[in-house]
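Residue-level structural notes
For reference, the chains in residue letters:
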Amino acid sequence: MFVLGVRFAQYLNGVSELHGRVARRMWSHAWPKRSEDEIPITHVTNGVHVPTWISYEFALLFERYLGPDWSISPWKKDISKRIEEIYNEELWRAHEMNRSRLIRTCRELMKQQYQRRNAPKAVMDEVEAVLDQDILTIGFARRFASYKRAYLLLMDPERLEAIITSKTHPVQFIFSGKAHPKDREGKDLIRQLILFSQKKGVRHRFIFLENYDPHIARHLIQGADVWLNTPRRPYEACGTSGMKAALNGVLNISTLDGWWAEGYSESTGWCIGNGEEYSDHKYQDAVESQALYNILENDVIPLFYERKNGDLPLQWIKMMKAAMKMAMLRFSSHKMVENYGKRFYLPAASRMRGLVENEAAEAKRLSRQLDRLKAHWDNIQIKSPVMNSKDPLHTGATVHVTAEVHLGQLMPHEVSVDIYYGPLKTVETLQTSNTEKMTVKEDRGNGNYVYGCDLTLNRTGRYGFTCRVTPQGDDWVKFTPGLVTWAIP
Ligand SMILES: *Cc1c(COP(=O)(O)O)cnc(C)c1O
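Residues numbered from 1 in each chain as written. Predicted model: local features only at pLDDT ≥ 70, side-chain atom pairs only at ≥ 80, totals over all residues. Heavy atoms only, no water.

Focus on the domain arrangement of the chain
- Here the chain is described as being made up of domain 1 (2-45 + 338-377), domain 2 (50-331) and domain 3 (379-486).
- Between the C-alpha centres of domain 1 and domain 2 there is a distance of 39 Å.
- In this assembly, 10 residues from domain 1 lie in contact with 14 residues from domain 2.
- Of the roughly 740 Å² buried at the junction of domain 1 and domain 2 (both faces included), carbon and sulfur atoms supply 60%.
- Joining domain 1 to domain 2, the criterion identifies 0 salt bridges. (Domains from an automatic or database assignment. Contact = heavy atoms within 4.5 Å. Buried area = accessible area lost by both parts, 1.4 Å probe. Salt bridge = Lys/Arg side-chain N within 4 Å of Asp/Glu carboxyl O.)

A look at the nonpolar core
- Counting 103 residues, the largest nonpolar core has Leu136, Leu153, Phe173, Phe206, Ile253, Leu296 and Trp316 as its most contacted members.
- Residues lining this core come from more than one domain, with at least three contributed by each of domain 1 (2-45 + 338-377) and domain 2 (50-331).
- If you look at the next biggest cluster of nonpolar residues, it comprises 29 residues, including Leu366, Leu373, Leu410 and Ala487. (Core = buried A, V, L, I, M, F, W, Y, C linked by side-chain atoms within 4.5 Å. Buried < 20%, exposed > 50% of the residue type's maximum accessible area, 1.4 Å probe, protein only.)

A few points about the side chain of Arg159
- Mapping Arg159 onto the fold places it in helix H8 (residues 157-165).
- On the basis of relative accessible area, Arg159 is assigned to the buried category, the value being 18%.
- Of the polar contacts made by the side chain of Arg159, one reaches the side chain of Glu297; its length is 2.9 Å.
- Look past the residues within four positions of Arg159 in its chain and what remains in contact with it is Gln290, Tyr293, Asn294 and Glu297. (Helix = DSSP H or I, 4+ residues; strand = E, 2+ residues; numbered from the N terminus. Polar contact = N/O pair within 3.5 Å; in protein donor to acceptor, adjacent residues only side chain to side chain.)

Examining the state of the cysteines
- This structure, assessed with the given rule, holds 0 disulfides.
- Free of any disulfide, Cys453 has its nearest cysteine sulfur in Cys467, 9.1 Å distant.
- Owing to a relative accessible area of 7%, Cys453 belongs among the buried residues under this scheme. (Disulfide = S-S within 2.5 Å.)

Concerning the packing of aromatic side chains
- Counted by the stated rule, this structure contains 27 aromatic pairs.
- Both rings, one in Phe175 and one in Phe206, keep their centres 5.1 Å apart while their planes meet at 25°; by these two values the pair is stacked. Highlighted residues: Phe175 in strand E4 (residues 171-176) and Phe206 in strand E5 (residues 206-209), separated in sequence by 31 residues. A single burial state applies to Phe175 and to Phe206, both of which are buried.
- By the ring-pair criterion, three or more aromatic residues cluster together here, those being Phe140, Phe144, Phe173, Phe175, Phe196, Phe206 and Phe208.
- For the cation-ring pair, Arg117 lies above Tyr114, with the distance from its terminal atom to the ring centre recorded as 5.3 Å. (Phe/Tyr/Trp six-rings, centres within 6.5 Å; stacked < 30°, edge-to-face > 60°. Lys NZ or Arg CZ within 6 Å of the ring centre and 35° of its normal.)

Structural data, given as C-alpha coordinates:
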(Lines give C-alpha, C1' and ligand atoms only; values in the text may rest on other atoms or scores of the structure.)
Protein backbone atom coordinates (compact mmCIF):
# COMPACT_ATOMS: atom_id res chain seq x y z
CA MET A 1 0.00 0.00 0.00
CA PHE A 2 2.80 2.39 0.88
CA VAL A 3 4.54 1.94 -2.46
CA LEU A 4 1.25 2.36 -4.30
CA GLY A 5 0.70 5.64 -2.45
CA VAL A 6 4.26 6.75 -3.12
CA ARG A 7 3.92 6.25 -6.86
CA PHE A 8 0.88 8.52 -6.96
CA ALA A 9 2.14 11.20 -4.57
CA GLN A 10 3.96 14.38 -5.40
CA TYR A 11 5.05 15.03 -1.81
CA LEU A 12 6.00 12.58 0.92
CA ASN A 13 6.64 13.33 4.55
CA GLY A 14 7.18 11.73 7.93
CA VAL A 15 5.52 13.26 11.02
CA SER A 16 8.69 14.17 12.94
CA GLU A 17 12.30 14.79 11.97
CA LEU A 18 13.39 11.38 13.24
CA HIS A 19 10.44 9.68 11.54
CA GLY A 20 11.45 11.29 8.24
CA ARG A 21 14.94 9.84 8.63
CA VAL A 22 13.61 6.40 9.58
CA ALA A 23 11.17 6.43 6.65
CA ARG A 24 13.97 7.30 4.20
CA ARG A 25 15.94 4.32 5.48
CA MET A 26 12.95 1.96 5.57
CA TRP A 27 11.75 2.76 2.08
CA SER A 28 15.00 3.45 0.24
CA HIS A 29 14.41 0.24 -1.73
CA ALA A 30 11.49 1.97 -3.48
CA TRP A 31 14.08 4.24 -5.16
CA PRO A 32 16.78 1.82 -6.29
CA LYS A 33 20.34 3.16 -6.66
CA ARG A 34 19.51 6.36 -4.75
CA SER A 35 21.48 7.14 -1.60
CA GLU A 36 19.48 7.27 1.63
CA ASP A 37 19.80 11.01 2.19
CA GLU A 38 18.31 11.66 -1.24
CA ILE A 39 15.14 9.61 -0.83
CA PRO A 40 12.38 12.16 -1.50
CA ILE A 41 10.71 11.88 1.90
CA THR A 42 10.84 14.95 4.09
CA HIS A 43 9.07 15.67 7.38
CA VAL A 44 6.52 17.93 9.01
CA THR A 45 6.37 17.45 12.73
CA ASN A 46 2.84 16.99 14.07
CA GLY A 47 1.33 19.63 16.29
CA VAL A 48 -1.60 19.95 18.69
CA HIS A 49 -4.53 22.34 18.57
CA VAL A 50 -3.79 24.74 21.40
CA PRO A 51 -7.34 25.98 22.21
CA THR A 52 -8.61 22.37 22.29
CA TRP A 53 -6.04 20.99 24.70
CA ILE A 54 -5.29 23.91 26.99
CA SER A 55 -6.94 23.68 30.39
CA TYR A 56 -9.70 26.12 31.32
CA GLU A 57 -7.57 27.73 34.04
CA PHE A 58 -4.61 28.20 31.72
CA ALA A 59 -6.83 29.61 28.97
CA LEU A 60 -7.93 32.30 31.43
CA LEU A 61 -4.31 33.09 32.31
CA PHE A 62 -3.37 33.23 28.62
CA GLU A 63 -6.28 35.53 27.88
CA ARG A 64 -5.04 37.95 30.53
CA TYR A 65 -1.28 37.71 30.06
CA LEU A 66 -0.80 36.82 26.40
CA GLY A 67 -3.69 38.75 24.85
CA PRO A 68 -6.58 37.53 22.75
CA ASP A 69 -4.42 36.22 19.86
CA TRP A 70 -2.86 33.36 21.82
CA SER A 71 -5.41 30.89 20.48
CA ILE A 72 -5.03 31.75 16.79
CA SER A 73 -1.32 32.64 16.63
CA PRO A 74 0.31 30.56 19.36
CA TRP A 75 3.51 30.18 17.33
CA LYS A 76 4.31 33.90 17.49
CA LYS A 77 7.38 34.64 19.59
CA ASP A 78 6.08 37.88 21.05
CA ILE A 79 2.96 36.09 22.29
CA SER A 80 4.51 33.01 23.85
CA LYS A 81 7.30 34.99 25.48
CA ARG A 82 4.70 36.70 27.69
CA ILE A 83 4.30 33.35 29.47
CA GLU A 84 7.29 34.52 31.52
CA GLU A 85 5.19 37.35 32.91
CA ILE A 86 2.58 35.08 34.47
CA TYR A 87 2.91 35.32 38.25
CA ASN A 88 4.38 32.13 39.64
CA GLU A 89 1.68 31.99 42.32
CA GLU A 90 -1.09 32.21 39.74
CA LEU A 91 0.43 29.61 37.46
CA TRP A 92 0.95 27.19 40.33
CA ARG A 93 -2.57 27.68 41.71
CA ALA A 94 -4.03 27.11 38.23
CA HIS A 95 -1.95 23.95 37.88
CA GLU A 96 -2.99 22.73 41.33
CA MET A 97 -6.59 23.30 40.32
CA ASN A 98 -6.02 21.09 37.30
CA ARG A 99 -4.42 18.42 39.47
CA SER A 100 -7.40 18.52 41.87
CA ARG A 101 -9.80 18.14 39.00
CA LEU A 102 -7.81 15.20 37.67
CA ILE A 103 -7.93 13.48 41.03
CA ARG A 104 -11.64 14.07 41.43
CA THR A 105 -12.19 12.62 37.94
CA CYS A 106 -10.02 9.59 38.74
CA ARG A 107 -12.01 8.84 41.88
CA GLU A 108 -15.26 9.09 39.96
CA LEU A 109 -13.99 6.79 37.21
CA MET A 110 -12.56 4.29 39.70
CA LYS A 111 -15.91 4.21 41.46
CA GLN A 112 -17.68 3.36 38.21
CA GLN A 113 -14.99 0.83 37.37
CA TYR A 114 -15.47 -1.06 40.65
CA GLN A 115 -19.25 -0.71 40.70
CA ARG A 116 -19.36 -2.55 37.38
CA ARG A 117 -17.81 -5.52 39.20
CA ASN A 118 -20.05 -5.29 42.26
CA ALA A 119 -17.09 -4.67 44.51
CA PRO A 120 -17.82 -4.99 48.28
CA LYS A 121 -18.35 -1.84 50.34
CA ALA A 122 -14.93 -1.92 51.99
CA VAL A 123 -13.29 -1.86 48.57
CA MET A 124 -15.62 0.89 47.35
CA ASP A 125 -14.70 3.06 50.33
CA GLU A 126 -11.04 2.65 49.53
CA VAL A 127 -11.56 3.33 45.83
CA GLU A 128 -13.41 6.58 46.47
CA ALA A 129 -10.43 7.93 48.38
CA VAL A 130 -7.58 6.98 46.07
CA LEU A 131 -4.81 9.45 45.31
CA ASP A 132 -3.71 12.59 47.07
CA GLN A 133 -4.21 16.26 46.20
CA ASP A 134 -0.72 17.50 46.93
CA ILE A 135 1.76 14.90 45.84
CA LEU A 136 3.83 14.53 42.72
CA THR A 137 1.53 13.00 40.11
CA ILE A 138 2.88 11.13 37.11
CA GLY A 139 0.65 10.23 34.17
CA PHE A 140 1.12 7.58 31.51
CA ALA A 141 -1.69 7.01 29.02
CA ARG A 142 -1.58 5.74 25.49
CA ARG A 143 -2.16 2.77 23.26
CA PHE A 144 -0.47 -0.24 24.78
CA ALA A 145 1.55 -1.14 21.72
CA SER A 146 4.53 -3.13 22.95
CA TYR A 147 7.11 -0.66 21.62
CA LYS A 148 5.76 1.90 24.12
CA ARG A 149 7.08 -0.31 26.93
CA ALA A 150 4.72 0.50 29.77
CA TYR A 151 6.56 -2.24 31.70
CA LEU A 152 9.77 -0.21 31.95
CA LEU A 153 8.60 1.40 35.17
CA LEU A 154 7.72 -2.02 36.65
CA MET A 155 11.05 -3.70 36.07
CA ASP A 156 12.22 -3.14 39.63
CA PRO A 157 8.97 -3.28 41.64
CA GLU A 158 10.68 -2.81 45.00
CA ARG A 159 12.44 0.32 43.90
CA LEU A 160 9.17 1.62 42.47
CA GLU A 161 7.32 0.81 45.68
CA ALA A 162 9.91 2.73 47.68
CA ILE A 163 9.45 5.76 45.41
CA ILE A 164 5.68 5.64 45.78
CA THR A 165 5.59 5.17 49.54
CA SER A 166 8.29 7.64 50.54
CA LYS A 167 7.27 9.37 53.79
CA THR A 168 8.65 12.76 52.84
CA HIS A 169 8.54 12.79 49.00
CA PRO A 170 5.72 10.49 47.88
CA VAL A 171 4.76 9.95 44.26
CA GLN A 172 1.53 8.73 42.65
CA PHE A 173 0.98 7.20 39.22
CA ILE A 174 -2.07 7.23 36.98
CA PHE A 175 -2.05 4.80 34.06
CA SER A 176 -4.60 4.44 31.33
CA GLY A 177 -4.70 2.94 27.86
CA LYS A 178 -6.02 0.28 25.58
CA ALA A 179 -4.45 -2.56 23.65
CA HIS A 180 -5.62 -3.81 20.30
CA PRO A 181 -7.92 -6.83 20.94
CA LYS A 182 -5.54 -9.09 19.02
CA ASP A 183 -2.39 -7.72 20.65
CA ARG A 184 -1.64 -10.40 23.23
CA GLU A 185 1.53 -8.67 24.38
CA GLY A 186 -0.26 -5.34 24.84
CA LYS A 187 -3.00 -6.95 26.89
CA ASP A 188 -0.41 -8.73 29.00
CA LEU A 189 1.18 -5.36 29.78
CA ILE A 190 -2.13 -4.05 31.06
CA ARG A 191 -2.49 -7.18 33.19
CA GLN A 192 0.93 -6.55 34.78
CA LEU A 193 0.02 -2.95 35.57
CA ILE A 194 -3.33 -3.92 37.08
CA LEU A 195 -1.71 -6.61 39.21
CA PHE A 196 0.77 -4.07 40.56
CA SER A 197 -1.99 -1.53 41.12
CA GLN A 198 -3.79 -4.00 43.41
CA LYS A 199 -0.83 -4.46 45.77
CA LYS A 200 -1.74 -3.45 49.26
CA GLY A 201 1.01 -0.94 50.00
CA VAL A 202 0.69 1.00 46.76
CA ARG A 203 -2.88 0.75 45.54
CA HIS A 204 -3.98 4.14 46.85
CA ARG A 205 -1.19 5.73 44.79
CA PHE A 206 -0.98 3.64 41.65
CA ILE A 207 -4.14 3.32 39.60
CA PHE A 208 -5.19 2.06 36.22
CA LEU A 209 -8.16 3.73 34.50
CA GLU A 210 -10.14 1.61 32.05
CA ASN A 211 -11.60 2.81 28.75
CA TYR A 212 -8.99 5.41 27.88
CA ASP A 213 -10.56 8.10 25.70
CA PRO A 214 -10.10 11.80 24.89
CA HIS A 215 -11.98 12.76 28.07
CA ILE A 216 -9.51 10.90 30.30
CA ALA A 217 -6.63 12.10 28.12
CA ARG A 218 -7.68 15.72 28.60
CA HIS A 219 -7.71 15.50 32.39
CA LEU A 220 -4.42 13.64 32.49
CA ILE A 221 -2.41 15.93 30.22
CA GLN A 222 -3.74 18.95 32.12
CA GLY A 223 -3.58 17.77 35.69
CA ALA A 224 -0.51 15.56 36.00
CA ASP A 225 2.82 17.08 37.06
CA VAL A 226 4.85 14.78 34.85
CA TRP A 227 4.03 13.00 31.60
CA LEU A 228 5.90 9.76 31.14
CA ASN A 229 6.67 8.11 27.82
CA THR A 230 9.03 5.20 27.24
CA PRO A 231 8.98 4.25 23.54
CA ARG A 232 11.75 2.12 22.10
CA ARG A 233 13.61 4.42 19.73
CA PRO A 234 12.97 4.75 16.79
CA TYR A 235 9.49 3.18 16.79
CA GLU A 236 7.47 6.24 17.86
CA ALA A 237 6.58 8.19 14.72
CA CYS A 238 5.75 11.37 16.61
CA GLY A 239 3.56 11.07 19.71
CA THR A 240 1.41 14.08 20.45
CA SER A 241 0.16 13.58 23.99
CA GLY A 242 3.48 14.91 25.29
CA MET A 243 2.90 18.14 23.35
CA LYS A 244 -0.54 18.51 24.92
CA ALA A 245 1.08 18.00 28.32
CA ALA A 246 3.92 20.49 27.73
CA LEU A 247 1.39 23.10 26.63
CA ASN A 248 -0.21 22.78 30.06
CA GLY A 249 3.09 23.02 31.91
CA VAL A 250 3.24 19.26 32.49
CA LEU A 251 6.87 18.20 32.25
CA ASN A 252 7.88 15.31 30.00
CA ILE A 253 10.15 12.39 30.79
CA SER A 254 10.78 10.34 27.69
CA THR A 255 13.31 8.50 25.60
CA LEU A 256 14.54 10.67 22.73
CA ASP A 257 12.08 9.29 20.22
CA GLY A 258 9.43 10.87 17.98
CA TRP A 259 8.82 14.55 18.72
CA TRP A 260 10.82 14.51 21.97
CA ALA A 261 14.04 14.12 19.95
CA GLU A 262 13.22 17.66 18.76
CA GLY A 263 11.44 19.14 21.77
CA TYR A 264 13.72 18.00 24.57
CA SER A 265 16.12 20.39 26.25
CA GLU A 266 17.39 20.50 29.82
CA SER A 267 15.12 23.42 30.54
CA THR A 268 11.92 21.76 29.33
CA GLY A 269 12.04 18.22 30.71
CA TRP A 270 14.06 15.03 31.05
CA CYS A 271 15.37 12.41 28.65
CA ILE A 272 15.94 8.73 29.28
CA GLY A 273 19.27 7.84 27.63
CA ASN A 274 20.78 9.87 24.82
CA GLY A 275 18.95 8.61 21.77
CA GLU A 276 20.80 5.30 21.53
CA GLU A 277 19.37 2.47 19.46
CA TYR A 278 20.06 -1.09 20.62
CA SER A 279 19.90 -4.43 18.88
CA ASP A 280 19.65 -6.27 22.22
CA HIS A 281 16.21 -5.23 23.48
CA LYS A 282 16.45 -6.99 26.85
CA TYR A 283 19.67 -5.15 27.57
CA GLN A 284 18.15 -1.85 26.40
CA ASP A 285 15.18 -2.33 28.73
CA ALA A 286 17.48 -3.02 31.68
CA VAL A 287 19.62 0.07 31.00
CA GLU A 288 16.73 2.39 30.33
CA SER A 289 14.58 1.32 33.24
CA GLN A 290 17.54 2.01 35.56
CA ALA A 291 17.94 5.40 33.90
CA LEU A 292 14.26 6.11 34.47
CA TYR A 293 14.46 5.31 38.22
CA ASN A 294 17.59 7.43 38.50
CA ILE A 295 15.94 10.42 36.85
CA LEU A 296 12.93 10.12 39.13
CA GLU A 297 14.96 9.74 42.32
CA ASN A 298 17.77 12.18 41.61
CA ASP A 299 16.15 14.90 39.51
CA VAL A 300 12.38 14.93 39.28
CA ILE A 301 11.30 14.21 42.85
CA PRO A 302 13.81 16.51 44.58
CA LEU A 303 12.96 19.36 42.19
CA PHE A 304 9.22 19.00 42.74
CA TYR A 305 9.56 19.02 46.52
CA GLU A 306 12.05 21.85 46.71
CA ARG A 307 10.07 24.51 48.57
CA LYS A 308 12.74 26.63 50.20
CA ASN A 309 11.14 29.91 49.25
CA GLY A 310 7.67 29.57 50.69
CA ASP A 311 5.38 26.92 49.29
CA LEU A 312 6.24 27.28 45.60
CA PRO A 313 8.61 24.96 43.70
CA LEU A 314 10.27 27.85 41.86
CA GLN A 315 12.66 25.84 39.71
CA TRP A 316 9.83 23.54 38.71
CA ILE A 317 7.65 26.49 37.71
CA LYS A 318 10.52 27.86 35.65
CA MET A 319 10.62 24.57 33.74
CA MET A 320 6.84 24.61 33.33
CA LYS A 321 7.06 28.00 31.66
CA ALA A 322 9.90 26.90 29.39
CA ALA A 323 7.93 23.79 28.38
CA MET A 324 4.78 25.80 27.68
CA LYS A 325 6.70 28.25 25.53
CA MET A 326 8.38 25.44 23.61
CA ALA A 327 5.06 23.73 22.88
CA MET A 328 3.31 26.94 21.83
CA LEU A 329 6.14 28.11 19.58
CA ARG A 330 7.03 24.88 17.86
CA PHE A 331 4.34 22.23 18.24
CA SER A 332 0.99 23.88 17.57
CA SER A 333 -1.21 22.49 14.80
CA HIS A 334 -1.40 26.06 13.46
CA LYS A 335 2.30 25.87 12.70
CA MET A 336 1.91 22.38 11.26
CA VAL A 337 -0.94 23.34 8.93
CA GLU A 338 0.97 26.40 7.79
CA ASN A 339 3.86 24.12 6.93
CA TYR A 340 1.73 21.67 4.95
CA GLY A 341 0.07 24.57 3.16
CA LYS A 342 3.22 26.42 2.19
CA ARG A 343 5.34 23.44 1.31
CA PHE A 344 2.80 21.03 -0.22
CA TYR A 345 -0.84 22.04 -0.66
CA LEU A 346 -0.35 25.43 -2.33
CA PRO A 347 2.48 24.31 -4.65
CA ALA A 348 0.45 21.18 -5.48
CA ALA A 349 -2.64 23.25 -6.30
CA SER A 350 -0.70 25.61 -8.53
CA ARG A 351 1.07 22.68 -10.19
CA MET A 352 -2.28 21.04 -10.85
CA ARG A 353 -3.48 24.21 -12.60
CA GLY A 354 -0.26 24.29 -14.61
CA LEU A 355 -0.65 20.67 -15.65
CA VAL A 356 -4.23 20.89 -16.88
CA GLU A 357 -4.39 24.31 -18.57
CA ASN A 358 -4.33 24.47 -22.40
CA GLU A 359 -5.87 21.05 -22.71
CA ALA A 360 -3.30 19.55 -20.34
CA ALA A 361 -0.38 20.56 -22.55
CA GLU A 362 2.12 20.38 -19.69
CA ALA A 363 0.89 16.99 -18.47
CA LYS A 364 1.20 15.62 -22.00
CA ARG A 365 4.69 17.07 -22.33
CA LEU A 366 5.79 15.44 -19.06
CA SER A 367 4.35 12.14 -20.13
CA ARG A 368 6.17 12.29 -23.48
CA GLN A 369 9.37 13.30 -21.69
CA LEU A 370 9.13 10.34 -19.36
CA ASP A 371 8.43 7.92 -22.22
CA ARG A 372 11.45 9.20 -24.08
CA LEU A 373 13.72 8.96 -21.02
CA LYS A 374 12.56 5.43 -20.27
CA ALA A 375 13.04 4.32 -23.88
CA HIS A 376 16.66 5.49 -24.10
CA TRP A 377 17.90 5.45 -20.53
CA ASP A 378 19.58 2.05 -20.66
CA ASN A 379 22.03 3.26 -23.32
CA ILE A 380 23.58 5.80 -20.96
CA GLN A 381 27.10 5.08 -19.77
CA ILE A 382 29.37 7.15 -17.58
CA LYS A 383 33.00 6.58 -16.62
CA SER A 384 34.57 7.34 -13.26
CA PRO A 385 35.61 10.95 -12.76
CA VAL A 386 39.22 11.93 -13.35
CA MET A 387 40.98 14.63 -11.36
CA ASN A 388 43.57 16.96 -12.82
CA SER A 389 45.53 17.25 -9.57
CA LYS A 390 48.30 14.77 -8.86
CA ASP A 391 49.18 16.34 -5.51
CA PRO A 392 47.57 15.08 -2.31
CA LEU A 393 44.42 17.06 -1.70
CA HIS A 394 44.40 19.65 1.03
CA THR A 395 41.71 21.80 2.56
CA GLY A 396 40.71 24.71 0.41
CA ALA A 397 42.25 23.18 -2.73
CA THR A 398 40.30 23.52 -5.96
CA VAL A 399 40.45 20.57 -8.32
CA HIS A 400 39.14 20.19 -11.83
CA VAL A 401 37.19 16.97 -12.41
CA THR A 402 36.12 15.50 -15.74
CA ALA A 403 34.06 12.48 -16.78
CA GLU A 404 33.32 10.81 -20.11
CA VAL A 405 29.63 10.28 -20.68
CA HIS A 406 27.73 8.46 -23.40
CA LEU A 407 24.14 9.72 -23.64
CA GLY A 408 23.06 7.79 -26.74
CA GLN A 409 19.99 9.45 -28.25
CA LEU A 410 19.39 11.70 -25.24
CA MET A 411 20.53 15.32 -25.32
CA PRO A 412 22.56 17.10 -22.62
CA HIS A 413 19.62 19.36 -21.73
CA GLU A 414 17.54 16.29 -20.87
CA VAL A 415 19.87 14.98 -18.19
CA SER A 416 21.82 16.17 -15.23
CA VAL A 417 25.38 14.92 -14.75
CA ASP A 418 26.63 15.35 -11.22
CA ILE A 419 29.77 14.63 -9.34
CA TYR A 420 28.90 12.92 -6.07
CA TYR A 421 31.54 13.27 -3.38
CA GLY A 422 32.28 13.56 0.30
CA PRO A 423 34.75 12.66 3.05
CA LEU A 424 35.08 8.89 3.39
CA LYS A 425 33.87 6.98 6.42
CA THR A 426 35.07 3.62 5.13
CA VAL A 427 36.40 2.77 1.70
CA GLU A 428 32.89 2.45 0.38
CA THR A 429 30.72 4.85 2.31
CA LEU A 430 30.71 8.61 2.40
CA GLN A 431 30.14 10.38 5.71
CA THR A 432 28.09 13.07 4.09
CA SER A 433 27.34 13.33 0.43
CA ASN A 434 27.57 16.43 -1.71
CA THR A 435 26.71 16.90 -5.33
CA GLU A 436 28.03 19.39 -7.82
CA LYS A 437 26.58 19.87 -11.26
CA MET A 438 28.93 19.16 -14.17
CA THR A 439 28.63 20.88 -17.54
CA VAL A 440 29.52 19.82 -21.07
CA LYS A 441 33.16 20.67 -21.83
CA GLU A 442 33.45 18.83 -25.12
CA ASP A 443 31.06 17.25 -27.63
CA ARG A 444 32.83 14.29 -29.24
CA GLY A 445 29.91 13.33 -31.49
CA ASN A 446 27.73 10.19 -31.58
CA GLY A 447 26.28 10.98 -28.16
CA ASN A 448 29.71 11.13 -26.47
CA TYR A 449 30.53 14.06 -24.20
CA VAL A 450 33.14 15.16 -21.74
CA TYR A 451 31.64 16.79 -18.66
CA GLY A 452 33.61 18.76 -16.12
CA CYS A 453 33.49 21.02 -13.07
CA ASP A 454 35.66 22.61 -10.40
CA LEU A 455 35.42 21.46 -6.82
CA THR A 456 36.68 23.18 -3.71
CA LEU A 457 37.24 20.78 -0.83
CA ASN A 458 36.53 22.45 2.47
CA ARG A 459 37.32 19.59 4.82
CA THR A 460 40.49 17.65 5.46
CA GLY A 461 40.72 13.89 5.19
CA ARG A 462 40.17 11.34 2.49
CA TYR A 463 37.51 12.03 -0.08
CA GLY A 464 35.50 9.65 -2.21
CA PHE A 465 34.25 10.60 -5.68
CA THR A 466 31.93 9.17 -8.19
CA CYS A 467 29.47 10.60 -10.68
CA ARG A 468 26.08 9.83 -12.11
CA VAL A 469 23.40 10.78 -14.59
CA THR A 470 19.81 11.59 -13.56
CA PRO A 471 16.95 13.18 -15.51
CA GLN A 472 16.72 16.94 -15.70
CA GLY A 473 13.42 18.44 -14.72
CA ASP A 474 10.77 18.20 -12.13
CA ASP A 475 10.80 15.85 -9.14
CA TRP A 476 8.15 13.53 -10.54
CA VAL A 477 10.41 12.74 -13.51
CA LYS A 478 13.66 12.97 -11.56
CA PHE A 479 12.71 10.38 -8.97
CA THR A 480 11.15 7.84 -11.32
CA PRO A 481 12.72 4.59 -10.08
CA GLY A 482 15.43 3.30 -12.40
CA LEU A 483 16.32 6.62 -14.00
CA VAL A 484 19.74 6.99 -12.42
CA THR A 485 23.04 5.69 -13.80
CA TRP A 486 26.21 5.63 -11.74
CA ALA A 487 29.78 5.59 -13.03
CA ILE A 488 31.32 2.18 -13.51
CA PRO A 489 34.48 2.10 -11.42
C1 LIG B 1 -3.32 12.75 21.90
C2 LIG B 1 -3.96 11.44 22.04
C3 LIG B 1 -3.33 10.27 21.56
C4 LIG B 1 -1.97 10.27 20.92
O5 LIG B 1 -1.03 10.27 21.92
P6 LIG B 1 0.41 9.57 21.75
O7 LIG B 1 1.33 10.38 22.57
O8 LIG B 1 0.74 9.61 20.30
O9 LIG B 1 0.30 8.18 22.26
C10 LIG B 1 -3.96 9.05 21.74
N11 LIG B 1 -5.18 8.97 22.33
C12 LIG B 1 -5.82 10.06 22.80
C13 LIG B 1 -7.15 9.90 23.46
C14 LIG B 1 -5.25 11.33 22.67
O15 LIG B 1 -5.89 12.41 23.13
